[in-house]
Amino acid sequence: MTMKQPFEQAVARHGATVLRVCRAVLGPGPDADDAWSETFLAALREWPGLPEDTNVQAWLVRVAHRKAIDVTRSRARLAIPTEAVPDRASTIGVPGGTDPDIWSAVAALPERQRLAVAYHYLGGLAHTQTAELIGGTPAAVRRAAADGLRSLRRNPHLIGLAEEGHHR
Amino acid sequence: MTTNPMPPTADAADLLARTTPDDDVLARLHRRLEDAAQDQGLVEVAYTEVDTPVGRLLLAATEVGLVRVAYEREGFEEVLTKLATGIGPRVLRAPARLEPAARQIEEYFAGHRTSFDVALDRRLSHGFRGLVQRHLPDISYGHTQSYREVAIHVGNPGAVRAVGSACATNPLPVVVPCHRVLRADGSLGGYVGGPDAKATLLELERAA
């Protein structure tokens with residue numbers, strides 16, 4: 001059986017999750033917004049053919065992963081060529097973001113930790129599923145996600161993550 | 001498929017709370033999705049909700065026209081699921097397509113409009129019920145007919161009960177005026193929006 005649920009349900013239930021993932025991967029700015037839009041447009045196109053028992057959140061997070069790569073590539077094409085590609089993926093501190101501190105802290109993580117945190121903790125994917133997206137073994141992904149979360153907790157801008165609860 | 005194999009730790013829950021996007025950001029992205037999806041012809045059913053003196057109404061339209069008006073007591077989620085099953089699952093909250101219908105409904109309830117001028121998609125009206133539902137707009141604003149009179153009009157004088165069920169299953173209440181059909185003794189009879197809604201509509205039309 002294919003999908004019979006109204007697509008709006010997917011947007012309402014998973015819109016926030018997909019935006020968290022896009023922001024963690026691309027930084028909380030226009031690129032993340034573009035990836036979010038492209039994700040839901042592609043999902044809307046594919047929706048009627050989707051098997052009814054699909055885990056919609058996991059499926060959307062995988063689509064978001066593909067779209068984030070597309071956005072990164074098109075940004076690279078538009079950018080002025082330089083000798084060395086800078087190893088950063090995020091614009092940070094964009095006005096209007098939920099919590100600039102958290103996003104700058106996420107952006108400051110080493111790439112694999114950042115992606116593991118994005119897909120596992122923010123996107124809800126299992127470590128095996130995350131490993132399929134970002135490479136490496138599930139065990140390595142598990143370590144990267146845990147290390148990433150630990151660094152976030154220790155980040156001086158984020159005093160209060162876990163220790164003091166939702167203090168903002 | 002599984003998600004987290006372990007229960008999320010306090011850290012992870014807090015990370016989710018701290019990264020929750022603002023509602024206005026999601027609303028802006030949703031509007032952008034509506035526009036792009038509409039441009040690309042990807043919206044099989046667009047819908048919105050409007051507040052009226054008879055409660056909240058769900059309005060849904062295909063590319064052809066207004067296809068469904070529903071009262072809250074029908075259960076909006078259930079109505080949308082039926083539309084997804086019957087028409088197509090690309091159902092999106094997209095008020096732009098409903099703007100003319102929403103405006104006319106507002107004018108109607110303000111007493112400034114006596115008939116509706118929006119394209120209708122009649123695909124949910126079948127058979128004899130469809131025949132009855134197509135006749136209903138012939139009953140003009142402020143007037144009523146009995147179930148029997150309607151049965152005679154559609155050429156089947158014996159089908160009084162079937163006229164009743166045609167009115168009860170009208171997919172486009174308010175816009176297609178099934179509320180203007182009463183019992184022969186002048187009592188209200190049933191209504192998809194409940195008896196109070198029917199009385200309110202008739203009172204509105206009498207007063208205008």
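Scroll up to find the structure.
My aim in this report is to walk through the structure given alongside it, one point at a time. (Residues numbered from 1 in each chain as written. Chains lettered and ligands numbered in written order. Predicted model: local features only at pLDDT ≥ 70, side-chain atom pairs only at ≥ 80, totals over all residues. Heavy atoms only, no water.)

## Some remarks on the overall build of chain A
In plain terms, the rule: Runs of E in the DSSP output that reach at least two residues are strands. Runs of H or I that reach at least four are helices, and both are numbered from the N terminus. Three exposure classes are used, based on accessible area relative to the maximum for each residue type with a 1.4 Å probe and protein chains only: buried under 20%, partly exposed in between, and exposed over 50%. Contacts are residue-level and defined by heavy atoms, with any inter-residue pair within 4.5 Å sufficient. The method behind every accessible area is Shrake-Rupley, applied with a 1.4 Å probe, and residues are considered shielded solely by the protein chains displayed.
For chain A, the helix and strand inventory stands at seven helices and zero strands. Starting at the N terminus and walking to the C terminus, you meet the elements of chain A as α-α-α-α-α-α-α. A burial count over chain A gives 53% of its 168 residues as buried. Residue pairs at least 24 apart in sequence account for 66% of intrachain contacts in chain A once pairs closer than 6 positions are excluded. Just so you have it, chain A exposes about 7,900 Å², and 54% of that area is on carbon and sulfur atoms.

## Topic: the pattern of salt bridges
Residue and element names in this part refer to chain B. Under the convention used in this document: Between Lys or Arg on one side and Asp or Glu on the other, a salt bridge is scored when a side-chain nitrogen of the former is within 4 Å of a carboxyl oxygen of the latter.
Summed over all chains, the structure comprises 18 salt bridges over all chains. Note that R56 and D51 form a salt bridge whose closest N and O atoms lie 2.7 Å from each other. Classification of D51 as exposed rests on a relative accessible area of 62%. Linking E203 and R206 is a salt bridge whose minimum nitrogen-to-oxygen distance equals 3.2 Å.

## Some thoughts on the packing of aromatic side chains
Short version of the rule: Any two of the Phe, Tyr and Trp rings considered here, Trp counted by its six-membered ring, make a pair once their centres fall within 6.5 Å; the pair's planes then place it as stacked at under 30 degrees, edge-to-face at over 60, or tilted in between.
With the rule as written, the count across this model stands at eight aromatic pairs over all chains. Plain terms: the ring middles of W47(A) and W59(A) are 6.2 Å apart, the flat faces sit at 40° to each other, and that makes the pair tilted. Note that W47(A) is positioned in the loop between helix 2 (30–46) and helix 3 (56–78) and W59(A) in helix 3, a separation of twelve residues in sequence. The pair W47(A) / W59(A) is uniform in exposure class, with both members buried. Ring plane angle 45° and centroid distance 5.4 Å describe the contact between Y108(B) and F116(B), whose orientation is recorded as tilted.

## Thoughts on the environment of H153(B)
All names here are of chain B. Among the secondary structure elements, H153 is positioned in helix 6 (residues 147–153). The sequence separation of H153 and H135 amounts to 18 residues, and the corresponding C-alpha distance is 8.0 Å. With near-sequence residues (within four places) excluded, H153 lies in contact with H135 and Q145.

## Observations regarding the nonpolar core
Formally: Definition of nonpolar core: a set of buried residues of the types Ala, Val, Leu, Ile, Met, Phe, Trp, Tyr and Cys, connected through side-chain atoms within 4.5 Å. Either an automatic procedure or a domain database provided the assignment from which the domain bounds are taken.
Grouped together as the largest cluster of nonpolar side chains are 102 residues, with contacts concentrated most on F7(A), W36(A) and L59(B). In terms of residues, this core owes the most to one element, helix 1 (residues 7–26) of chain A, which gives eleven residues. For this core, the domains that each give at least three residues are domain 1 (23–109) and domain 2 (127–207) of chain B. When residues no more than four places from it in sequence are discounted, the contact partners of F7(A) are F40(A), A43(A), L44(A), W47(A), L33(B), P89(B), R90(B), V91(B) and L92(B). The next biggest cluster of nonpolar side chains, apart from the first, holds 13 residues, and it includes A60(B), F76(B), A84(B) and V91(B).

## Digging into the sheet that holds strand 3 (residues 66–71) of chain B
Residues and elements named next belong to chain B. Just so we agree on the cut-off: Here, a strand pair is defined by DSSP locating no fewer than two bridges between the strands. For helices, the fitted axis covers only the stretch in contact; all axes are lines through C-alpha atoms, and the angles between them, taken along N-to-C directions, range from 0 to 180 degrees.
Across the sheet, which stays open at both edges, the four strands sit in the order 3-2-1-4 with mixed pairing between neighbours. At either margin of the open sheet sits one strand with a lone partner, and together these are strand 3 and strand 4 (91–93). Strand-to-strand twist in this sheet, taken as the mean axis angle between neighbours without regard to direction, amounts to 25°. Strand direction decides the pairing type here: strand 2 (residues 55–61) and strand 3, joined by five bridges, are antiparallel. Note that in strand 3 the partner of L57 across the bridge is Y71. Helix 4 (residues 99–109) rests against strand 1 (45–52), strand 2 and strand 3 of the sheet, and its axis sits at about 145° to strand 2.

## Digging into the packing of helix 5 (residues 127–135) of chain B against helix 7 (residues 160–168) of chain B
Residues and elements named next belong to chain B. What counts here: Relative orientations are named as follows: roughly parallel for angles under 35 degrees, roughly antiparallel for angles over 145 degrees, roughly perpendicular for angles from 65 to 115 degrees, and oblique for any other angle. Residue polarity follows a fixed list, in which Ala, Val, Leu, Ile, Met, Phe, Trp, Tyr, Cys and Pro are nonpolar, Asp, Glu, Lys and Arg are charged, and the others, Gly among them, are polar.
Two numbers describe how helix 5 lies on helix 7: the axes approach to 9 Å, and their chain directions differ by 75°. Comparing the axis directions of helix 5 and helix 7 gives the class roughly perpendicular. For the pair helix 5 and helix 7, the contacting residues are F128, R129, V132 and Q133 in the first and A162, V163, S165 and A166 in the second. In terms of residue class, the contact of helix 5 with helix 7 is made up of five nonpolar, two polar and one charged.

## Observations concerning helix 5 (residues 111–122) of chain A
Residue and element names in this part refer to chain A. The element helix 5 is extensively covered by neighbouring structure, given that ten of its twelve residues are classed as buried. Inspection of helix 5 places Q113, R114, L115, A116, V117, A118, Y119, H120, Y121 and L122 among the buried residues, and these make up the whole buried set. Directly beyond the C-terminal end of helix 5, a positive phi value near 80° is found at G124.

## Considering the interface of chain B and chain A
A common way to report how large an interface is uses the accessible area buried once the components associate. As a reminder, the rule being used: Any N or O atom pair separated by 3.5 Å or less is treated as a polar contact, with the protein-specific requirement of one donor-capable and one acceptor-capable atom, and with residues adjacent in sequence counted only for side-chain atom pairs.
Residue-level contacts link 40 residues of chain B with 52 residues of chain A. Summed over the shared surface of chain B and chain A, the result is three salt bridges. The interface formed by chain B and chain A includes 16 residue pairs in polar contact (both at pLDDT 80 or more). Broken down by secondary-structure element, the contributors of at least two residues to the side of chain B that touches chain A are helix 1 (10–18), helix 2 (23–39), helix 3 (76–86) and strand 4 of chain B. Sort the elements by how many residues they give to the side of chain B that touches chain A and helix 2 of chain B lands first, with nine residues.

## Some thoughts on the pairing of strand 3 of chain B
Burial analysis of strand 3 of chain B places six of its six residues in the buried class, the great majority of the element. Remark: four residues form the turn of the hairpin made by strand 2 of chain B and strand 3 of chain B, two consecutive strands paired antiparallel.

## Observations concerning unusual backbone geometry
All names here are of chain B. Phi at V174 takes a positive value of approximately 75°, unusual for a residue other than glycine. Mapped onto the fold, V174 is located in the loop between helix 7 and strand 6 (181–182). Residue V174 is classed as buried on the basis of its relative accessible area of 1%.

Everything listed here is a matter of coordinates, which is why it stays silent on function.
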